[in-house]
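# Structural description and commentary
So the chains spell out like this:
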Amino acid sequence: MALAISQPTNAAPAEPGAPDSTAIRNAGDRWRELAGNEVAIIAGSALDFSGTLVGADQRQLCATSVLGALSSFVPSKAELPAYIAQLKRSGYNMVRFHAVDGFLMGKATADFDFDPQRLDDFDRLVAELGKAGIGVMSDILTLDSGGYGNVPNRWSSSKQLKLRLNLDDPEARQHWQTLVDKVFARRNPYLGHSLLEDPNLKLVALVNEGGMVFTSIFSKGFPQLVRPNFNQWLAKKYGDADGLRRAWKTEAKAGEDPKAGSVELPEYMARTVNPRSEDFARYLTDQERGTFGWMSAYLQGKGYKGLITSINNETAVQKAASRQALSAVDLHMYNDLPEGSFDTPMTVKHASVFDNDIQFIRYLLPQRIWGKPVYVSEFGDVYWNKNRREGNVLFGAYAALQGWDGICQYGENATQLRYDMQKKFGRYSSQYPGYVWSDPIADAADRMNALLYRRGDVSPARKTVALIYREAGALQGWVPYVRNVDLSVARLGFISRIGYLPEANVGADNRPTAQAKAPTPDLLLDPFANAADMAPPARAQFMMKGAQNGAWLERVARLREAGLIEKANLTDAAAGVIESDTGQIAVDLPGHRARIVTPRSEVLMFRDKAFDGRFLRVTEATPEQTVGVFSVDGTPLATAKRLLLVQLTDARPTDMRFADPDAKTVTNWGHWPMRLRGGIAALKLGIDGAGWKLYALNLDGSRRDARPVGADGTLLLDNLAGDGATVYYELVRD
C-alpha cells in the first residue's frame, strides 16, 4: 500500500509515498506546530469518553485545579457548562482543589479578608461539579501563608504555619480552625449547606505536604522551633538527664537534659543507628497522630463524613505508623521534577523511568495500609523531560494493578477550552512545568489513563502481598523517618498488590482479622521482625550480583518456587524484566521498553525495539515513542469497529530556548503554539483492513485528513503529516 511521510516543519505534506528506513529513523529531527488552537472536545468524537465511562466510578481520575497558582483560572458563569463538559469528555470524574487559601486571599492585607468575587466563583464551581456528578477533593490548608494578610508572595511565607500546627501551637491551631469555619464550614449559597456537609466532597487533606520531615527537607536539618516540643516529649518519657542517659547511654551528651530543654535535635540523615533518631521517629509519630486527631474531630464536628488524609508526600517506614490515624492514604511523587526558578534558568535531567527503576512509582507501591482507600493526589513525569511519555502512562497502569482508589496528575489548571493567546494569567501564556491540559503529551497520558485506569482496562493483580507492620520494629534502626523499605520488597508491587497490615490486625494464625478489611494474602512478610523478610539473603549463585540485586534475584526465585509467579510470566530478575501476575504489564528496564496488553487496549513504549502486543505490533519506528490503541466503545479490540490510536513523542512551545545542546536548562519558555517532535510508526494491527478508514484527529477530536490502511491491517502513523502535528488518530470501520 502507499504510505505518507511528513515533510519538514515549514513544508506542505507530500503526496503518498513509501518511506525508507532512514526517513523513519530520522523523523525525530523535525518539529511541527499543532493544527489549531481548539482543545474543547467535540461531543461524539473519538476523544469524547463520557459515554464509554458511564458507570465507571469505582476509581477516581482526578483533574487538579490549583486555584492559588500564579496562573489561577476559574471559569466564568457563562463558560462553566463548557468547562464541565470538557472535564467529563476528557474522562475525569473528580477535581482536586489545591491552594484554595491562596486563591481566596490574593493580595489581601488583613487576615481572612477573602476576595468576595473569588469566593462566589469557588462556591459556584463546587456546586456545578456536584450537579455534573464530578466528585471533589480538597486541601484544607495548602500554603504556609494560610489566611494571613499582607503576604506579598503567598507561596513563600515565613509564617511556618504548617510546622507550628505539628507543635501544638495554639495560635496556629486557631488559625486552621478559622480557615475551616470561613471556607469549608460556611454555608455555600449554591449548595444550600456547607461544603463540609456536602456528600460530593469525597476526601480532604488536613494539611498539604505538612509533615515535619518534609518542612525540613530543603535545609537538611530540623528547625530549632521543634526543639522545645521534642524536649517536652522526652521529659515525659525519661524525666531528667539521668533518665535520658540510662536510655540513650553514650548518645546522651554532657549537659543534655530534657527538663531544661537542652537536648539537641537529631541529624536529618544520621550516618549511624542511634537512639536519638529512633526516639525522634517515635516523637514524630505521637505528634502527627495527635494533630490528625484534633483536626479530624473538628471537621467531623462541623458535619464532615468523608475521607481524611494528610502527610501526603513522605514514604519513610515511620509514616505508616502515623497514617494509621487517618481514614485514607494519600501520596505525592514525581519523576524528574525541575530544579530552579520559573524566572529561569530551570533544569531537568531528562530522566527516563527505565533508568531509575521506575522509582517514582516504586516508592509508592508499599504505602497502602490494607483496609484504607489509597489516593495519589499528585504525580507526574514532568514537562519538559523528553521521556515523560513513559512514566505518566505507566503510572495509570500500575495504579490499576494495585487497585488504588484515585490518581491525579498534577496540573495548575484542571482544563481549558483553547490555546488562547489573548488570555494571560501570570505564567499562563506558554507551556510550563505543571501544566497538563496544554501539554499534548501529559494530556494524552490522562486520556489513556481514563481507559487503562478508570474504565478498568488494566485488571487488579491476582495475588496480594501483606507486610506486617510492627511499629516497634519499624521505628528502630537507621533514620526511620527517612528510610524506605528494601528495594526487593517495593518491587513486589510491580507484580502483585501490596501493602502494610498493622500488627493489631493480624490474628494468631498470621491471617488478617475481620477488622482489617483486607484480603487473605498470598504472601505474608514480617519485615520489621524478620530481617530475611525485608531483604532475603541471596543464595550462592546470586551473591555476586550486589546486595540489592542479590536480594531481588532471591525474592523472585522464591516467588517462582512457591508458585506465586506462573511459569509463563516474563519476569527475569537478572535481565531487568518484570511482568505483572496478570500478564498485562511488562517492563524491560535495560531495554527501555514496556507493554500494556488488555482486551480493550494495548500500549507499547520503546526507545528502540518495541515489545510485541497481541493486537498491536510495531514493525518499524522512529526511536523514543509511546503508541497505544484503544477500543472507543468498550468492546474488545478484536471486535471493535471504532478505535482510538495515540502516538506520543515530545512537545515544546515555539521559540523555547536552552543553555545547552541537550535542552536540559531553559533560558526562554517560548510561546504558543505548541510543537511536536516528529515520529513515524509502522504498525500491524489484528484487523482485516477491508472497510477501515484512518483519520488524523485534532485535539478537539475533529477528523482531519484520511490516511491509508492496508488490507492486511498495516498502517503508518506519521504525527507531522497532513494539516499539522497530532497525537490522535481514529480508525473506524464502515
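The structure displayed is predicted, hence computed values, not measured ones. (Residues numbered from 1 in each chain as written. Predicted model: local features only at pLDDT ≥ 70, side-chain atom pairs only at ≥ 80, totals over all residues. Heavy atoms only, no water.)

When its secondary structure is counted, the chain shows 17 helices and 32 strands. What you see for the chain is a C-alpha radius of gyration of 26 Å, in line with the 27 Å of a compact globule of 734 residues. Counting only C-alpha atoms, the chain reaches 85 × 70 × 50 Å along its principal axes. Surface exposure of the chain reaches about 26,700 Å², of which carbon and sulfur atoms provide 50%. For the chain, the separation between the mean place of its 86 positive charges and that of its 85 negative charges on side chains is 2 Å. (Helix = DSSP H or I, 4+ residues; strand = E, 2+ residues; numbered from the N terminus. Rg over C-alpha atoms; globule rule 2.2 N^0.38 Å. Areas by Shrake-Rupley, 256 points an atom, 1.4 Å probe, with all protein chains shown as cover. Lys, Arg positive; Asp, Glu negative; His and termini not counted. Charge placed at Lys NZ, Arg CZ, Asp CG, Glu CD.)

Across a sheet, strands are paired by hydrogen bonds formed along the backbone, either parallel or antiparallel in direction. Pairing is antiparallel across the open sheet formed by 9 strands, whose spatial order is 17-18-19-20-22-23-32-29-30. Each edge of the open sheet is held by one strand with a lone partner, namely strand 17 (577-579) and strand 30 (703-707). On average, each strand axis in the sheet is tilted by 15 degrees relative to the strand beside it, whichever way the strands run. The pairing of strand 23 (residues 642-648) with strand 32 (residues 728-733) spans 5 bridges and is antiparallel. If you follow Arg642 over to strand 32, its bridge partner there is Val732. Sitting on the sheet, helix 12 (residues 388-402) is in contact with strand 18 (585-588), strand 19 (593-597), strand 20 (601-606), strand 22 (625-631) and strand 23, with an inclination near 140 degrees to strand 20. Along the sheet, helix 13 (residues 440-454) contacts strand 19, strand 20, strand 22, strand 23 and strand 32; its crossing angle with strand 23, the most-contacted strand, is approximately 140 degrees. (Pairing = 2+ DSSP bridges. Axes fitted to C-alpha atoms, helices over the stretch in contact; angles between N-to-C directions. Contact = heavy atoms within 4.5 Å.)

Taken in spatial order, the 3 strands of this open sheet run 21-28-31, and their pairing is antiparallel. The sheet terminates laterally at strand 21 (616-621) and strand 31 (714-718), the two strands that pair on one side only. Sheet twist, expressed as the average angle between the axes of neighbouring strands with direction ignored, equals 30 degrees. Sheet topology places strand 21 next to strand 28 (residues 680-685); 5 bridges connect them, and they run antiparallel. Directly across from Glu620, in strand 28, lies its bridge partner Ala682.

Take unusual backbone geometry next. At the junction of Tyr383 and Trp384, the peptide bond is cis and its omega measures out at 5 degrees in the coordinates. Locating Trp384 in the fold gives a position in the loop between strand 12 (374-381) and helix 12. Residue Pro673 is bonded to the preceding Trp672 through a cis peptide linkage, with omega at 15 degrees. Here Pro673 shows up in strand 27 (residues 671-677). The backbone of Asn150 shows a phi angle near 60 degrees, a positive value even though the residue is not glycine. Checked against the element boundaries, Asn150 lands in the loop between strand 4 (135-141) and helix 5 (161-165).

Enumeration according to the criterion identifies 1 disulfide in this entry. Two residues share a disulfide in this structure: Cys62 and Cys408, whose sulfurs sit 2.5 Å from each other. Classification of the bridge connecting Cys62 and Cys408 rests on its S-S torsion, roughly 95 degrees, and on that basis the disulfide is right-handed. A residue pair is termed long-range when its members are at least 10 positions apart, and Cys62 in strand 2 (residues 60-66) and Cys408 in strand 13 (residues 406-409) qualify at 346 residues. (Disulfide = S-S within 2.5 Å.)

As enumerated under the stated definition, the model contains 30 aromatic pairs in all. Between Phe112 and Phe114, the aromatic rings sit 6.3 Å apart at their centres with planes inclined by 90 degrees, giving edge-to-face as the arrangement. The class of Phe112 is buried, set by a relative accessible area of 16%. Ring centres of Tyr383 and Trp384 lie 6.4 Å apart, and the angle between their planes is 65 degrees; this geometry places the pair in the edge-to-face category. For Trp384, a relative accessible area of 0% puts it in the buried group. Pairwise contacts between aromatic rings join Phe222, Phe230, Trp233, Tyr268, Phe280, Tyr283 and Tyr481 into one cluster. Between the NZ or CZ atom of Arg362 and the centre of the ring of Tyr363, over which it lies, the distance is 5.2 Å. The ring of Trp370 is capped by Arg368, whose NZ or CZ atom sits 4.3 Å from the centre of that ring. (Phe/Tyr/Trp six-rings, centres within 6.5 Å; stacked < 30°, edge-to-face > 60°. Buried < 20%, exposed > 50% of the residue type's maximum accessible area, 1.4 Å probe, protein only. Lys NZ or Arg CZ within 6 Å of the ring centre and 35° of its normal.)

This part is about the pairing of strand 27. Taking burial as the measure, the 7 residues of strand 27 include 5 buried ones, the bulk of the element. Pairing analysis gives 3 bridges linking strand 1 (residues 31-33) to strand 27, with the strands arranged antiparallel. The partner of Glu33 across the bridge, within strand 27, is Arg675. As defined by bridge partners, strand 24 (residues 651-654) adjoins strand 27 across 4 bridges and the pair is classed as antiparallel.

Across the interface, helix 12 lies against helix 13 with an axial gap of 9 Å and an inter-helix angle of 20 degrees. Considering their axes alone, helix 12 and helix 13 lie roughly parallel with respect to each other. Handedness of the helix 12/helix 13 crossing: right-handed. Residues Arg388, Arg389, Asn392, Val393, Gly396, Ala397, Ala399 and Ala400 of helix 12 pack against Ile441, Ala442, Ala445, Met448, Asn449, Leu452 and Tyr453 of helix 13. Looking at the contact of helix 12 with helix 13, its residues break down into 10 nonpolar, 3 polar and 2 charged. (Parallel < 35°, antiparallel > 145°, perpendicular 65-115°, else oblique. Left-handed = near helix turned anticlockwise from the far one by under 90°. Nonpolar A, V, L, I, M, F, W, Y, C, P; charged D, E, K, R; others polar.)

Looking at where Asn229 falls in the secondary structure, it is placed in helix 7 (residues 227-238). According to the relative accessible area criterion, Asn229 is buried, its value standing at 8%. Not counting chain neighbours up to four residues away, the residues in contact with Asn229 comprise Asn166, Leu167, Asp168, Tyr283 and Gln287.

If you look at the biggest cluster of nonpolar residues, it comprises 176 residues, and the most contacted ones within it are Phe97, Trp176 and Leu394. Residues within four places of Trp176 in sequence aside, it is in contact with Ile140, Leu141, Leu165, Leu206, Val207, Trp294, Met295, Tyr298 and Leu299. Counting residues in hydrophobic clusters, the runner-up holds 27 residues, among them Phe611, Phe615, Ala681 and Trp692. (Core = buried A, V, L, I, M, F, W, Y, C linked by side-chain atoms within 4.5 Å.)

Bringing the pattern of salt bridges into the picture now. As enumerated under the stated definition, the model contains 44 salt bridges in all. Between Asp457 and Arg600 there is a salt bridge; the shortest N-O distance is 3.1 Å. A residue pair is termed long-range when its members are at least 10 positions apart, and Asp457 in the loop between helix 13 and strand 14 (464-469) and Arg600 in the loop between strand 19 and strand 20 qualify at 143 residues. Two residues, Asp734 and Lys693, come together in a salt bridge whose shortest N-O distance is 4.0 Å. Remark: Lys693 occurs in strand 29 (residues 692-697) and Asp734 occurs in the segment after strand 32; sequence separation between them is 41 residues. Taking the relative accessible area as the measure of exposure, Lys693 reaches 39% and is therefore partly exposed. Several salt bridges share partner residues, and in doing so they unite Arg539, Glu554, Arg558 and Glu561 into one network. (Salt bridge = Lys/Arg side-chain N within 4 Å of Asp/Glu carboxyl O.)

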